[in-house]
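# Understanding the architecture of this molecule
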Amino acid sequence: QYVNSGFNTFDMADHYGTSELIAGTLLKRHRKLKRQPIICTKWCPEPGPMTTKIVRAGIEERLTRLGISCIDLLQFHWWDFQHPAWLDALHEIANLREQGLINEIGVTNFDAAHLQLAIADDIPLKTNQVSFSLIDRRATGLLADVCRNSSVKLLAYGTLCGGFINKKWLGAKEPIEINDWSKMKYKRFIDRAGGWEQFQTILKTAEQIANKHNSSISNVAMRWVLEQTGVAGLIVGARLGESVHTDKNVKVFSFELDDKDYESLESIFSASMEIP
């Protein structure tokens, strides 16, 4: 259903429950699709020695769960950069790419310094997956500079702040109790960026822009991120069979933000605080 709607790229990880197994089942079932899905998965090992054997085992487990012979995009995540073995792991992953087990290599949540170091050490990186939204604009700084000077592109997640950047939250009271882990995470982002009142100002401005382009608050938020330096794509969460927004998401490609839109957004950005 997603592929037929034009959304043919799917992001998952080793620790996202059964996502790889489900994707593997669907890949096997739909091998005759004219446009084969692109599978992006992640390997997120605990920090420790990254030997050839350990890295290969981690990648081969992804291949087995997905039921494929080559991973389209393998994204490496490192939990603690105080442990230096992350660079060893990337070199081993690069070797596996040379052997045909991986098509492209990406990383997740790398800051500009570590991303630049990996590039300088000749790791053939394609992407860096980071948080990026109207609330969290950190990637417009040093990471954007790295993208300007290299071939690495950004994959943006958290673009809708776990669903908070949505018309249903415009004018809504600040939630006191949140039981959803994702929403708890992004509510902390909202708090650090200036609080609920400032967040409402961003939503109001996004709605004004949305009305002008016959779109939605969410579309404006997505469009803004898509137009930023180095951004190759957005990762928008969905619950299969429960909250499918393919028709609404397609609209993000139907318009572009103009100078006045950017002036309006920059005005409210200047009144908010930077996420550390």
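This text goes with the structure placed above it.
No experiment lies behind these values; they were computed from the predicted model shown.

Once that is clear, we can look at the overall build of the protein. Summing up its helical and strand segments, the protein has ten helices and seven strands in all. Principal axes of the C-alpha set define a box for the protein whose edges measure 55 × 45 × 40 Å. The buried share of the protein, taken over its 276 residues, is 47%. Restricting to contacts in the protein with at least 6 residues of sequence separation, those with at least 24 account for 74%. Carbon and sulfur atoms provide 50% of the accessible area of the protein, an area that totals close to 14800 Å². Taking the average location of the 32 positive side-chain charges in the protein and that of its 33 negative ones, the two points are 8 Å from each other.

Moving on, we come to helix α4 (residues 112–120). Turning to α4, its buried residues number three or more, namely Ala 112, His 114, Leu 115 and Ala 118. At its buried positions, α4 is contacted by α3 (86–98), β4 (102–108), β5 (125–131) and α5 (142–148). Among the residues trailing α4, Asp 122 stands out with phi positive, at a value near 65 degrees.

Between α3 and α4, whose axes approach to 11 Å, the crossing angle comes to 45 degrees. Taken together, the axis directions place α3 and α4 in an arrangement best described as oblique. Here α3 runs over α4; the crossing is right-handed. For the pair formed by α3 and α4, the contact residues are Trp 86, Leu 87 and Leu 90 on the first element and His 114, Leu 117 and Ala 118 on the second. Among the residues making up the contact of α3 with α4, the classes are represented as five nonpolar, one polar and no charged.

What follows concerns the environment of Gln 82. With respect to the secondary-structure elements, Gln 82 resides in the loop between β3 (71–76) and α3. Of the residues examined, Gln 82 reaches a relative accessible area of 73% and is grouped as exposed. Separated by 136 residues in the primary sequence, Gln 82 and Ser 218 place their C-alpha atoms 37 Å from one another.

Before going further, it helps to examine the environment of Gly 195. Looking at the secondary structure, you find Gly 195 in the loop between α6 (181–192) and α7 (196–212). Residue Gly 195 is classed as buried on the basis of its relative accessible area of 16%. C-alpha of Gly 195 to C-alpha of Trp 86: the two residues are 109 residues apart in sequence and 35 Å apart in space.

Turning our eyes to something else, we now look at the packing of aromatic side chains. In this structure the tally under the stated criterion is 14 aromatic pairs. Centre to centre, the rings of Trp 43 and Phe 76 are 6.1 Å apart; their planes meet at 45 degrees, and the pair counts as tilted. Remark: Phe 76 occurs in strand β3 and Trp 43 occurs in strand β2 (residues 38–43); sequence separation between them is 33 residues. Under the relative-accessibility criterion, Phe 76 is labelled buried at 0%. Plain terms: the ring middles of Phe 164 and Phe 199 are 6.3 Å apart, the flat faces sit at 85 degrees to each other, and that makes the pair edge-to-face. Of this pair, Phe 164 sits in the loop between β6 (153–157) and α6 while Phe 199 sits in helix α7; the two residues are 35 residues apart in sequence, bridging distant segments of the chain. We classify Phe 164 as buried; its relative accessible area is 0%.

Here we take up helix α10 (residues 259–269). In an α-helix there are 3.6 residues to a turn, and that puts residues three or four apart on one side. All of the buried residues in α10 are Asp 261, Leu 265, Ile 268 and Phe 269. Considered in projection along α10, the buried side chains sweep an arc of 105 degrees and stay on one side of the axis. Those residues of α10 that are exposed and aimed more than 90 degrees away from the buried face are Asp 259, Lys 260 and Glu 263. In this structure, the buried side of α10 is in contact with α7 and α8 (217–226). Where α10 starts, the residue carrying a side-chain oxygen 3.1 Å from the main-chain nitrogen of Lys 260 turns out to be Asp 258.

All right, on to the nonpolar core then. Formed by 70 residues in total, the largest nonpolar core has its most connected members in Phe 76, Leu 90 and Ile 165. Apart from the residues lying within four places of it in its own chain, the contact partners of Ile 165 are Ser 133, Leu 134, Ile 135, Thr 159, Leu 160, Phe 199, Leu 203, Ile 217, Ser 218 and Ala 221. The next biggest cluster of nonpolar side chains, apart from the first, holds five residues, and it includes Met 12, Leu 27, Ile 39 and Leu 66.

The next thing to look at is the sheet that holds β3. As summarised here, the arrangement of the seven strands in space is β1-β2-β3-β4-β5-β6-β7, forming an open sheet in which the pairing is parallel. Every other strand in the sheet has two partners, leaving β1 (9–11) and β7 (231–234) as the edge strands with one partner each. Going across the sheet, the axis of each strand differs from the next one's by a mean of 25 degrees, ignoring polarity. In terms of strand pairing, β2 meets β3 through four bridges, oriented parallel. Each bridged residue has a counterpart across the sheet, and for Cys 40 the counterpart in β3 is Leu 73. Running at roughly 155 degrees to β7, α8 makes contact with β6 and β7 of the sheet.

Definitions and cut-offs
Residues numbered from 1 in each chain as written. Predicted model: local features only at pLDDT ≥ 70, side-chain atom pairs only at ≥ 80, totals over all residues. Heavy atoms only, no water. Helix = DSSP H or I, 4+ residues; strand = E, 2+ residues; numbered from the N terminus. Buried < 20%, exposed > 50% of the residue type's maximum accessible area, 1.4 Å probe, protein only. Contact = heavy atoms within 4.5 Å. Areas by Shrake-Rupley, 256 points an atom, 1.4 Å probe, with all protein chains shown as cover. Lys, Arg positive; Asp, Glu negative; His and termini not counted. Charge placed at Lys NZ, Arg CZ, Asp CG, Glu CD. Axes fitted to C-alpha atoms, helices over the stretch in contact; angles between N-to-C directions. Parallel < 35°, antiparallel > 145°, perpendicular 65-115°, else oblique. Left-handed = near helix turned anticlockwise from the far one by under 90°. Nonpolar A, V, L, I, M, F, W, Y, C, P; charged D, E, K, R; others polar. Phe/Tyr/Trp six-rings, centres within 6.5 Å; stacked < 30°, edge-to-face > 60°. Arc of directions from axis to C-beta. Polar contact = N/O pair within 3.5 Å; in protein donor to acceptor, adjacent residues only side chain to side chain. Core = buried A, V, L, I, M, F, W, Y, C linked by side-chain atoms within 4.5 Å. Pairing = 2+ DSSP bridges.

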